[in-house]
Amino acid sequence: MAVRTGERRLQILQTLAEMLETPKGEKITTAALAARLECSEAALYRHFASKAQMFEGLIEFIEQSLFGVINQITSEETRGFKQVELIIGLLLSFAQRNRGMTRVLMGDALTNENERLQLRINVLLDKVEAATKQALRIAATQEDLKPDADFGALANLLRCYVVGRWEQYARSGFSRDPLAQWQQQWPMLYFACLSQSGEPGR
């Protein structure tokens, strides 16, 4: 029975994501992908115009997965700081469950690929940072954070924390769990946010 086009596209993306999970992080070629799928390279190009389009498919999956949950968090959770905690926890757990996607998020898998792919990841991460910044603003309206706090700097700090955990996970051959010590580190980040209210020593 012939595989439907949509199912075949998904199979190609799933296989690409699995190949990205190799700790050594070798460059993936369409020839290697075709061999894994036991098909010809021409068969791949019947579903995707280029390898860049395959990576775009992975990025779309990441974006839909993350923002589907982020939108749920921001609509159901009223406390700003709880939103921040849940968003960061989501980003770390997503990496834990999707090793190959982690390499896409941190750009490692996009080296020497079309530059528009890294730009798309940058935009995605900017959107995550903006969602975190909005949650911090909500925390300030609830008097959990001082109104003169630098929300942009705090959101960027939290983004850098997440990206650092992703990189540690990937660089360790996926042995350093991104959720390790999260329960201990969130209170540290929380109090760092609370202490940010203008110039140090105020």
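About the cut-offs
Residues numbered from 1 in each chain as written. Predicted model: local features only at pLDDT ≥ 70, side-chain atom pairs only at ≥ 80, totals over all residues. Heavy atoms only, no water. Salt bridge = Lys/Arg side-chain N within 4 Å of Asp/Glu carboxyl O. Helix = DSSP H or I, 4+ residues; strand = E, 2+ residues; numbered from the N terminus. Buried < 20%, exposed > 50% of the residue type's maximum accessible area, 1.4 Å probe, protein only. Lys, Arg positive; Asp, Glu negative; His and termini not counted. Polar contact = N/O pair within 3.5 Å; in protein donor to acceptor, adjacent residues only side chain to side chain. Contact = heavy atoms within 4.5 Å. Axes fitted to C-alpha atoms, helices over the stretch in contact; angles between N-to-C directions. Parallel < 35°, antiparallel > 145°, perpendicular 65-115°, else oblique. Left-handed = near helix turned anticlockwise from the far one by under 90°. Nonpolar A, V, L, I, M, F, W, Y, C, P; charged D, E, K, R; others polar. Core = buried A, V, L, I, M, F, W, Y, C linked by side-chain atoms within 4.5 Å.

Engineer: I'm lost on the pattern of salt bridges in this one. Help?
Structural biologist: Between side chains of opposite charge, pairing is possible as soon as their charged atoms come close. For the coordinates displayed, the defined rule picks out 12 salt bridges. Across the pair Arg-79 and Asp-144 runs a salt bridge whose closest N-O atoms are separated by 2.6 Å. Residue Arg-79 is found in the loop between helix 4 (51-76) and helix 5 (80-97), and its partner Asp-144 is found in the loop between helix 7 (115-141) and helix 8 (151-171); the two are separated by 65 residues along the sequence. Linked by salt bridges that have partners in common, Glu-60, Glu-63, Arg-120 and Lys-127 make up one network.

Engineer: Could you clarify how one ought to interpret the side chain of Arg-165 in this entry?
Structural biologist: With respect to the element layout, Arg-165 can be found in helix 8. We note that Arg-165 is buried and unpaired, the nearest opposite charge coming from Asp-177 at a distance of 6.4 Å. Here the side chain of Arg-165 touches Ala-180 through a polar contact of 3.0 Å, landing on its backbone oxygen. Discounting residues that sit within four places of it in the chain, Arg-165 has contacts with Leu-92, Asp-177, Pro-178, Ala-180 and Gln-185.

Engineer: Got a minute to help me understand the packing of helix 8 against helix 9 (residues 182-194) in this structure?
Structural biologist: Relative placement of two packed helices is described by the angle separating their axes and the distance separating the axes. Contact geometry for helix 8 and helix 9: axes closest at 11 Å, N-to-C directions at 160°. Between helix 8 and helix 9, the interaxial angle falls into the category roughly antiparallel. In terms of crossing hand, the pair formed by helix 8 and helix 9 is right-handed. Only Trp-182, Gln-185, Leu-189, Ala-192 and Cys-193 of helix 9 make contact with helix 8, whose side of the interface consists of Leu-154, Leu-158, Tyr-161 and Arg-165. A per-class count over the contact of helix 8 with helix 9 returns 7 nonpolar, 1 polar and 1 charged.

Engineer: Got a minute to help me understand the nonpolar core in this structure?
Structural biologist: Burial of nonpolar side chains together is a common tendency in soluble globular proteins. Residues Phe-55, Leu-58, Ile-88, Val-104, Leu-124, Leu-136 and Leu-145 are the most contacted members of the largest nonpolar core, which totals 59 residues. For this core, the secondary-structure elements that each account for two or more residues are helix 1 (5-19), helix 2 (30-37), helix 4, helix 5, helix 6 (99-105), helix 7, helix 8 and helix 9. The contact partners of Leu-58, leaving out residues within four places of it in the chain, are Leu-13, Leu-16, Ala-17, Leu-20, Met-101 and Val-104.

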